[in-house]
Amino acid sequence: MSDIKKFMYVNRKAPYGTIYAWESLEVVLIGAAFEQDVSVAFVDDGVYQLIKGQDTTELGIKNFSATYKALGDYDVNKLYIEKESLDARGLTLDDLMPLTYEDENDNWAEKNSIRVVSSQELAELFEHSDVLFNF
Amino acid sequence: MKFAIQVNEGPYNHEASVSALNFTKAALEAGHEIFRVFFYHDGVNNGTRFTSPPQDDINIAGSWSELADQHGIDLVICVAAAQRRGIVDEGEQERQGKDGNNIASGFRISGLGQLVEAGIQSERLIVFGD
């Protein structure tokens, strides 16, 4: 498996209510071991997956939001958030967890993993992906 | 063309698994290769042999088994998703100390790496689900 493909994981659903978000994150983490070119997109209610201060105590189900913070350590550092989805929900970048990675090509400088993109830019990213997972 | 198929929904509640089944059959009939069918989320419920739908209804798990038998296609159930939902093969029965197993013939339980590998090895990955 020497070929490197562009993997795009598209998250469209809220973090709780259904299991798609959590099981999607499990694929991203496992997939990171395959040394492919990985991007993760958050659109529609999927933008809620990255919201700050998630608390599932009252729901009685597992809060997995801290796991997103580990993505940088797995070299998953291209997280694309659709601007239109944020706008439609009255959210801004300040409402999201700060997610960073250490850039090995820049003396391990800490950099932001989150990139806010327009739906047009996202469509272009999708078009240039080899493998697109929908969750 | 070499296809990988991902099935994200359980049988009956959602049309995704029947659509995946139809797509897989059509692709094989057209001479394409199915590298693997990977069952994830509630899709793992396609792989129990304990379903017994009414006679005038489609037997979805049975149809997958039949397809695997006829064409030797690789039907893989995600182990983590299966453990949450009670899909058990002999190995899992032993490991988890269960009193039986329910996996349908032609299916096997394995890790998520099989899904990622299918994405790498195939020319197209088709996802069936919501």
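Residues numbered from 1 in each chain as written. Chains lettered and ligands numbered in written order. Predicted model: local features only at pLDDT ≥ 70, side-chain atom pairs only at ≥ 80, totals over all residues. Heavy atoms only, no water.

Chemist: In this structure, what is going on with the sheet that holds strand E5 (residues 124–128) of chain B? I would like to understand it.
Modeler: Each strand in a sheet pairs with its neighbour through backbone hydrogen bonds, running either in the same direction (parallel) or in the opposite one (antiparallel). Residues and elements named next belong to chain B. Strand order in the open sheet made by the 5 strands is E4-E3-E2-E1-E5, with parallel pairing throughout. A single partner strand is all that each edge strand has here, and the edge strands are strand E4 (107–110) and E5. Each neighbouring strand pair of the sheet contributes to a mean axis angle of 25°, computed without reference to strand direction. Strand direction decides the pairing type here: strand E3 (residues 75–78) and E4, joined by 4 bridges, are parallel. Among the inter-strand pairings, Val 76 is bridged to a residue of E4, identified as Arg 108. In this fold helix H1 (residues 16–29) packs onto strand E1 (2–7), strand E2 (33–39) and E5, with an angle of close to 165° to the strand it touches most, E1. Contacting E1, E2, E3, E4 and E5, helix H5 (residues 113–121) crosses the sheet at an angle of about 155° to E2. (Pairing = 2+ DSSP bridges. Helix = DSSP H or I, 4+ residues; strand = E, 2+ residues; numbered from the N terminus. Axes fitted to C-alpha atoms, helices over the stretch in contact; angles between N-to-C directions. Contact = heavy atoms within 4.5 Å.)

Chemist: Could you clarify how one ought to interpret the sheet that holds strand E3 (residues 79–82) of chain A in this entry?
Modeler: Residues and elements named next belong to chain A. Across the sheet, which stays open at both edges, the 5 strands sit in the order E6-E3-E2-E1-E7 with parallel pairing between neighbours. Both outer strands of the open sheet, strand E6 (114–117) and strand E7 (131–134), are each paired with one neighbouring strand and no more. The average undirected angle you get between the axes of adjacent strands in this sheet is 25°. Pairing of strand E1 (residues 6–11) with E7 involves 4 bridges; the strand directions are parallel. Note on E7: the bridge partner recorded for Tyr 9 is Phe 133.

Chemist: Explanation requested: the nonpolar core in the structure shown.
Modeler: A general trend in soluble globular proteins is that nonpolar side chains are found buried together. Core analysis: the largest hydrophobic core is formed by 70 residues, its most contacted members being Tyr 9, Leu 50 and Tyr 68 of chain A together with Val 37, Trp 64 and Ile 77 of chain B. Among the elements that take part in this core, helix H1 (residues 20–31) of chain A stands out by supplying 6 residues, more than any other. Residues in contact with Trp 64 of chain B, not counting those within four places in the same chain, are Val 7, Ser 17, Ala 20, Leu 21, Thr 24, Val 37, Phe 39, Asn 46, Leu 75 and Phe 107 of chain B. Of all hydrophobic cores here, the second largest spans 7 residues; its members include Met 8, Ala 41, Tyr 80 and Val 117 of chain A. (Core = buried A, V, L, I, M, F, W, Y, C linked by side-chain atoms within 4.5 Å. Buried < 20%, exposed > 50% of the residue type's maximum accessible area, 1.4 Å probe, protein only.)

Chemist: Help me out: how do you make sense of the interface of chain A and chain B in this one?
Modeler: Listed as interface residues are 22 residues of chain A and, on the opposing side, 21 residues of chain B. At the boundary of chain A with chain B, total buried surface from both sides reaches about 1800 Å², with 61% on carbon and sulfur atoms. Taken together, the connections running from chain A to chain B amount to 3 salt bridges. A salt bridge links Arg 84 of chain B to Glu 26 of chain A, with the nearest nitrogen and oxygen atoms 3.1 Å apart. Scanning the region where chain A abuts chain B turns up 11 residue pairs in polar contact (both at pLDDT 80 or more). Of all the secondary-structure elements, those providing two or more residues to the side of chain A that touches chain B are E1, H1 and E7 of chain A. With 8 residues, H1 of chain A is the single largest residue contributor to the side of chain A that touches chain B. For the side of chain A that touches chain B, the class distribution of residues is 13 nonpolar, 4 polar and 5 charged. (Buried area = accessible area lost by both parts, 1.4 Å probe. Salt bridge = Lys/Arg side-chain N within 4 Å of Asp/Glu carboxyl O. Polar contact = N/O pair within 3.5 Å; in protein donor to acceptor, adjacent residues only side chain to side chain. Nonpolar A, V, L, I, M, F, W, Y, C, P; charged D, E, K, R; others polar.)

Any functional reading would require information that these geometric values do not contain.
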